[in-house]
Amino acid sequence: MASKWASVATAPADALFGLLAKSRADTCPTKVDLSVGAYRDDEGRPYLLKVIEKTEKALADSKLDKEYLPIDGFVPFRAESAKLLLGENSKAIAENRIATAQTISGTGALRVAAEFYARFSPRETPVYLSNPTWVNHEKIFKGSGFTRIEQYRYFHAETKGVDFAGMSEDLKAAPEGSIVILQMCAHNPTGADPSKEEWQTLADICQQNKLNVIFDCAYQGYATGDLENDAYAVRLFEERGIEFLACQSYSKNMGLYGERAGCIVAVTTSADVATAINSQFKVIIRPMYSNPPVHGARLVHAVLSDPKIRQEWTEELKVMSGRIGKMRQTLQDELEKINTPGSWNHITKQIGMFSFTGLNAKQCDAMVDKHHVYMMKSGRISIAGLSEKTCAQVAAAMKDVITTSE
Amino acid sequence: MLTSSLRSLSRRVSRSRHLAAAPARFMSRWSHVPEGPKDPILGVSEAFNADTDSRKLNLGVGAYRDDDGKPTVLKSVELAQAQIVAQVPPNEYAPIGGEKAFVDTALKLAYGEDCAPLKEGRYTALQSLSGTGALRLAAAFMQRFKPMKVFVPSPTWGNHFKIFEDSGLEVETYAYYDANTKGLNLQGLLADIDQAPDGSAFVMHACAHNPTGVDPTIEQWKEISQALKAKGHFVLVDSAYQGFASGDPRKDAAAIEILVNDGHQIGLSQSFAKNFGLYGHRVGTFSLLLDDTSEVAAVESQLKILARGIYSSPPIHGSRIVHTILTDKALYDQWLLDIKEMADRIITMRRLLVDNLASAGSTLDWSHITDQIGMFCFSGMTPEQVAKLVNEHHIYLTSNGRISMAGVTSKNVGYLAEAMHKVTSK
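Attention here is on the structure that accompanies the text. (Residues numbered from 1 in each chain as written. Chains lettered and ligands numbered in written order. Predicted model: local features only at pLDDT ≥ 70, side-chain atom pairs only at ≥ 80, totals over all residues. Heavy atoms only, no water.)

1. Re the overall build of chain A
For chain A, the count of helices and strands is 16 helices and eleven strands. Taken over C-alpha atoms, the radius of gyration comes to 21 Å for chain A, in line with the 22 Å a tight globule of 406 residues would show. If you line up chain A on its principal axes, its C-alpha atoms span 65 × 60 × 55 Å. For chain A, the residues scored as buried account for 63% of the 406 residues in total. Counted over contacts in chain A with a minimum sequence separation of 6, partners at least 24 positions apart contribute 77%. A total accessible area of about 14800 Å² is found for chain A, and carbon and sulfur atoms account for 52% of it. Where the 47 positive side-chain charges of chain A centre and where its 49 negative ones centre are 4 Å apart. (Helix = DSSP H or I, 4+ residues; strand = E, 2+ residues; numbered from the N terminus. Rg over C-alpha atoms; globule rule 2.2 N^0.38 Å. Buried < 20%, exposed > 50% of the residue type's maximum accessible area, 1.4 Å probe, protein only. Contact = heavy atoms within 4.5 Å. Areas by Shrake-Rupley, 256 points an atom, 1.4 Å probe, with all protein chains shown as cover. Lys, Arg positive; Asp, Glu negative; His and termini not counted. Charge placed at Lys NZ, Arg CZ, Asp CG, Glu CD.)

2. Section: unusual backbone geometry
All names here are of chain A. At the junction of Asn 131 and Pro 132, the peptide bond is cis and its omega measures out at 0 degrees in the coordinates. Along the chain, the position of Pro 132 falls in the loop between β3 (127-131) and α6 (137-143). The amide bond that connects Asn 188 to the next residue, Pro 189, takes the cis arrangement and shows omega of 15 degrees. With a phi angle near 60 degrees, Asn 96 is a residue other than glycine that sits in the positive phi range. Inspection of the secondary structure assignment puts Asn 96 in the loop between α4 (91-94) and β2 (98-104). For Lys 210, which is not a glycine, the phi torsion comes out positive at approximately 50 degrees. Exposure remark for Lys 210: the relative accessible area of 48% places this residue in the partly exposed category.

3. Here we look at the pattern of salt bridges
Counting across every chain of the model gives 46 salt bridges over all chains. Between A:Arg148 and A:Glu150 there is a salt bridge, with its nearest N and O atoms 3.3 Å apart. For the salt bridge of B:Lys222 with B:Glu219, the shortest nitrogen-to-oxygen distance reads 3.8 Å. You can see B:Lys222 and its partner B:Glu219 sitting in helix α10 (residues 218-230), three residues apart, about one turn around the helix. The network of salt bridges with shared partners includes A:Arg111, A:Glu115, A:Arg119 and B:Asp166. (Salt bridge = Lys/Arg side-chain N within 4 Å of Asp/Glu carboxyl O.)

4. Here's the deal with the packing of helix α5 (residues 105-120) of chain A against helix α11 (residues 271-289) of chain A
Residue and element names in this part refer to chain A. One way to put it is that α5 packs onto α11 with a least axis distance of 10 Å and a crossing angle of 110 degrees. Taken together, the axes of α5 and α11 lie roughly perpendicular to each other. Here α5 and α11 pass one another in a crossing that is right-handed. Contacts between α5 and α11 involve Arg 111, Val 112, Glu 115, Phe 116, Arg 119 and Phe 120 from the first element and Ile 277, Gln 280, Phe 281, Val 283, Ile 284, Ile 285 and Met 288 from the second. Residue classes in the contact of α5 with α11 are distributed as nine nonpolar, one polar and three charged. (Axes fitted to C-alpha atoms, helices over the stretch in contact; angles between N-to-C directions. Parallel < 35°, antiparallel > 145°, perpendicular 65-115°, else oblique. Left-handed = near helix turned anticlockwise from the far one by under 90°. Nonpolar A, V, L, I, M, F, W, Y, C, P; charged D, E, K, R; others polar.)

5. Section: the environment of B:Met349
Residue and element names in this part refer to chain B. Looking at the secondary structure, you find Met 349 in helix α15 (residues 329-359). According to the relative accessible area criterion, Met 349 is buried, its value standing at 3%. Taking the C-alpha atoms as reference points, Met 349 and Lys 229, separated by 120 residues in sequence, lie 38 Å from one another. Apart from the residues within four sequence positions on either side, Met 349 is in contact with Asp 67, Met 405, Val 408, Thr 409, Ser 410 and Val 413.

6. Some words on the packing of helix α12 (residues 294-305) of chain A against helix α13 (residues 307-337) of chain A
Residue and element names in this part refer to chain A. Two numbers describe how α12 lies on α13: the axes approach to 5 Å, and their chain directions differ by 100 degrees. On the basis of their axis angle, the class for α12 and α13 is roughly perpendicular. On the side of α12, the interface is formed by Val 303, Leu 304 and Ser 305, while α13 contributes Pro 307, Ile 309, Arg 310 and Trp 313. Of the residues in the contact of α12 with α13, the class split is five nonpolar, one polar and one charged.

Okay, structure coming up:
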């Protein structure tokens with residue numbers, strides 16, 4: 001029978017997963033994987049959080065059933081998740097003005113957000129993404145049928161920090177009701193975050209322009225190591241009475257990458273609206289995957305709801321973010337030690353898992369092909385993938401690709 | 001004066017919650033968002049939970065229960081889980097399409113060891129978010145590359161419609177259930193296959209049709225397969241009960257074998273929710289058989305883009321359990337026992353229900369209860385009779401008369417039969 005699919009063209013491999021597959025297949029013993037945003041310990045190994053290991057054993061012993069969760073997920077998980085994001089003193093939570101649903105990690109939450117806006121905003125509503133942004137943002141919104149994907153200026157090529165003047169200008173010029181993705185902290189891929197004062201200005205702009213904000217919250221606890229601090233932007237917006245959606249992921253901060261634990265939170269002005277929104281989340285989710293996976297949510301809930309384990313978790317977060325901070329310093333020191341052309345203090349100024357090195361696409365290709373150092377073509381490296389042993393090697397490789405590409 | 005009237009106004013406003021809520025609602029940018037319709041099946045469980053009568057029965061549930069009416073975890077699953085926990089595996093991201101080893105092992109279960117397209121590499125497959133997720137990938141892929149009219153059986157699983165509609169596809173039904181015989185309306189089915197536009201998509205339930213429990217015989221499947229072939233229809237198979245229907249996974253895959261041997265390049269949604277009792281873990285696969293290995297790269301790459309934009313990569317916990325069981329002889333043998341036990345209990349309940357209806361004095365023909373197969377029984381009761389069951393007997397089921405046999409036990413089957421007899425006798 002002639003194939004129905006004969007006309008299907010081959011799509012380019014996903015920028016990240018394609019690179020990850022290449023890295024996993026590379027047998028070179030000195031390879032360094034700085035591609036995926038997954039934490040590694042100082043031996044470059046995946047790290048299972050101690051609190052998760054403990055909790056896995058406890059869950060296995062408690063012989064829980066494997067029944068379907070409700071469409072919007074595990075209720076106790078959703079409650080803890082919203083509290084983690086908005087804080088113990090959140091008025092929105094106290095007044096029942098939030099709608100939540102457990103989602104397939106951060107991607108799933110963003111897709112639910114996109115589907116929500118696709119139903120309740122005009123088709124032509126533009127979606128504003130930072131320039132640059134996480135590789136998958138565009139795919140998610142295109143998948144929901146949005147055709148106008150715009151960029152707002154974000155990364156300043158010279159300072160390698162936030163181009164705040166450009167960002168403010170672009171967001172001020174965005175049409176009323178535009179959808180805007182803002183990353184709460186530890187910006188992926190640049191590691192450049194707005195300051196508290198800049199967030200206050202952003203809140204003004206979003207409020208005045210009636211922008212539809214979606215906060216991408218994939219790194220709470222990973223930026224400064226402090227969960228409350230890292231949630232500053234979201235809590236500021238709540239305080240200001242701005243309505244928004246927030247998309248949480250537990251992939252990084254609990255190391256639950258493969259378990260796909262996440263949550264979407266809508267902060268609104270009344271309990272009635274929140275109820276309506278929650279029902280619409282369910283209408284979106286049911287024909288997508290019916291209900292979310294139970295295991296990750298049980299793990300997260302167990303950690304968040306037990307004060308002792310939660311405390312241990314916050315300490316592990318400090319260790320992880322601390323190691324990342326140390327690697328930033330070590331890499332910068334190594335680069336400067338061997339007189340690598342250019343200035344490198346953005347490595348320690350930037351925050352979170354990633355650094356936007358400033359290497360161009362050709363140089364990045366050379367890092368991969370010549371030096372077996374896996375990094376994104378954008379120049380992004382995952383600092384979490386560095387170790388004391390590999391910083392010198394990576395610095396030398398960077399110097400080599402910069403000087404030989406001249 | 002102004003101050004005191006303002007104070008009394010604010011007191012009145014704060015006492016009246018309704019008044020206070022209204023302005024806040026209108027201030028919201030989302031005030032135009034209506035409350036969505038409730039899921040009809042869940043409504044049954046909600047009503048059941050609220051009922052305090054001790055005789056209450058929940059026959060709406062689409063999940064297996066043991067003879068005490070309790071949810072179970074399969075023995076093979078418990079053993080596999082213990083093994084996995086002891087290994088302390090890291091929780092890294094699976095690839096977008098899931099771990100290839102798991103997917104290929106899962107496919108062998110569905111397609112058998114001797115499936116030519118699989119052996120020749122003429123297929124692509126991804127791990128999916130159980131059956132719903134697999135169907136959604138299929139729908140999204142069809143919408144993007146070859147939008148076809150989608151035909152689902154009448155009746156079918158309620159969620160089928162929304163999955164395809166939300167993906168922007170047109171959905172219609174094909175004749176399936178014969179209310180008179182309480183069996184298959186083969187002629188109607190064949191006629192609808194013939195009348196559909198060439199190259200439409202036909203969704204077929206692989207076995208244990210939900211909600212009717214009515215499956216075509218082997219001979220009927222062969223006829224259906226030929227009819228589908230004559231029209232060049234794309235066959236999308238929904239396999240959610242392999243092993244659960246007869247207790248024999250190979251027997252339950254007969255329809256898939258017939259279709260593949262006839263040359264259909266099927267799409268297959270494979271769910272492990274029921275047959276492995278992994279409901280909440282969302283384990284499944286979506287596969288597409290292809291003309292030629294040269295198509296694999298293209299189709300796989302596009303499916304990955306769709307999956308990446310919905311959930312990035314699938315959850316690993318459940319797939320690890322399935323993979324462990326399927327690749328370990330002792331665990332696999334245990335699973336065969338587990339699945340046979342579940343299927344046998346359901347078959348026994350069907351027989352008990354028919355026997356009890358007879359002893360309750362019913363003279364109606366209830367043989368369809370034992371003719372039908374799988375988790376569900378289309379009892380033939382009308383919405384009015386169902387309402388009586390709910391309101392007078394505290395027995396909960398969906399208004400189409402669908403009984404989940406999983407909710408029937410040797411302890412409650414007598415009560416159920418009495419009640420059914422009461423509401424169906426004049």
